[in-house]
Amino acid sequence: EKITWDVLTTECQRLLHDIHDNMYNEALAAKEEHTKQCTTFSEFIGHLNKGNNCLVPFCGGADCEKNVKKRSKEETAASVGDEEGFGLSGAAKSLCVPLDQPSDLGENKTPCFAECGADGISWCLYGRSY
């Protein structure tokens, strides 16, 4: 389509906004597709090893987080062979506690996904560094 000089600025702004909106919507869809909600460590490892981030009930304990890093690295190394080509070797780590929580863990007394014996206090997003 041809653009005349008198509307060049307006059309460039519109085009840049369209490009931005399309890029944002694609990134949001990819993030949502690769964020899995789970409540057990075995589900967590399964989703993590498929390249997903996991939204899990977490107690917030520093020792528990260290244990998750250690266990995720060990269990991934034991279960994922080189033939799969993923090259997964990094440990999982907490990424953030989302402001938008899927549910209130306090009401349900949901146990921490890391099986530490404590109740989860919030949903936490975990992922792997590559």
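What comes next concerns the included structure.

Definitions and limits used
Residues numbered from 1 in each chain as written. Predicted model: local features only at pLDDT ≥ 70, side-chain atom pairs only at ≥ 80, totals over all residues. Heavy atoms only, no water. Patch = residues over 30% accessible without salt bridge, like charges linked within 9 Å, V, L, I, M, F, W, Y side chains within 5 Å. Areas by Shrake-Rupley, 256 points an atom, 1.4 Å probe, with all protein chains shown as cover. Salt bridge = Lys/Arg side-chain N within 4 Å of Asp/Glu carboxyl O. Helix = DSSP H or I, 4+ residues; strand = E, 2+ residues; numbered from the N terminus. Axes fitted to C-alpha atoms, helices over the stretch in contact; angles between N-to-C directions. Parallel < 35°, antiparallel > 145°, perpendicular 65-115°, else oblique. Left-handed = near helix turned anticlockwise from the far one by under 90°. Contact = heavy atoms within 4.5 Å. Nonpolar A, V, L, I, M, F, W, Y, C, P; charged D, E, K, R; others polar. Phe/Tyr/Trp six-rings, centres within 6.5 Å; stacked < 30°, edge-to-face > 60°. Buried < 20%, exposed > 50% of the residue type's maximum accessible area, 1.4 Å probe, protein only. Core = buried A, V, L, I, M, F, W, Y, C linked by side-chain atoms within 4.5 Å.

Digging into a nonpolar patch on the surface
A cluster of nonpolar side chains, Ile3, Trp5, Val7 and Leu8, forms an exposed patch at the surface whose accessible area comes to about 410 Å². Mapped onto the secondary structure, isoleucine 3 falls in the segment before helix 1 (8-33).

Section: the packing of helix 2 (residues 41-48) against helix 3 (residues 62-79)
When two helices pack together, their arrangement is given by the angle between the helix axes and by the axis-to-axis distance. It is the contact of helix 2 with helix 3, at a shortest axis distance of 11 Å, that shows an interaxial angle of 60 degrees. In terms of their interaxial angle, helix 2 and helix 3 are classed as oblique. Note that helix 2 runs across helix 3; the crossing there is right-handed. Of the residues in helix 3, those touching helix 2 at Phe41, Phe44, Ile45 and Leu48 are Val68, Arg71, Ser72, Glu75 and Thr76. Considered class by class, the residues forming the contact of helix 2 with helix 3 number 5 nonpolar, 2 polar and 2 charged.

Topic: the packing of aromatic side chains
Overall, the coordinates contain 7 aromatic pairs when judged by the stated rule. A centroid spacing of 5.4 Å and a plane angle of 45 degrees characterise the contact between phenylalanine 41 and phenylalanine 44, whose relative ring orientation is tilted. Here phenylalanine 44 and phenylalanine 41 lie together in helix 2, a separation of 3 residues that amounts to about one turn. The buried category is assigned to phenylalanine 41, whose relative accessible area is 1%. Among the aromatic residues, those joined into a cluster by ring pairs are Phe41, Phe44, Phe58, Phe113 and Tyr126.

Here we look at the pattern of salt bridges
Counted according to the given criterion, the structure contains 5 salt bridges. Its salt-bridge partner being arginine 14, residue aspartate 18 comes within 2.8 Å of it at the nearest N-O pair. With aspartate 18 and arginine 14 both in helix 1, this residue pair falls 4 residues apart, about one helical turn. Assessed through its relative accessible area of 39%, arginine 14 is described here as partly exposed. Linking lysine 70 and glutamate 74 is a salt bridge whose minimum nitrogen-to-oxygen distance equals 3.7 Å. In this pair, lysine 70 and glutamate 74 are both assigned in helix 3, 4 residues apart and thus about one turn of the helix distant.

Re the nonpolar core
If you look at the biggest cluster of nonpolar residues, it comprises 17 residues, and the most contacted ones within it are Phe44, Val56, Phe58, Val68, Cys112, Phe113 and Tyr126. For this core, the secondary structure elements donating two or more residues are helix 2, strand 2 (53-58), helix 3 and strand 4 (122-128). When residues of this core are assigned to their parent elements, the largest contribution, 4 residues, is made by helix 2. Every residue in contact with valine 56, bar those within four places of it in the chain, is listed here: Cys38, Phe44, Phe113, Ser122, Trp123, Cys124 and Tyr126.

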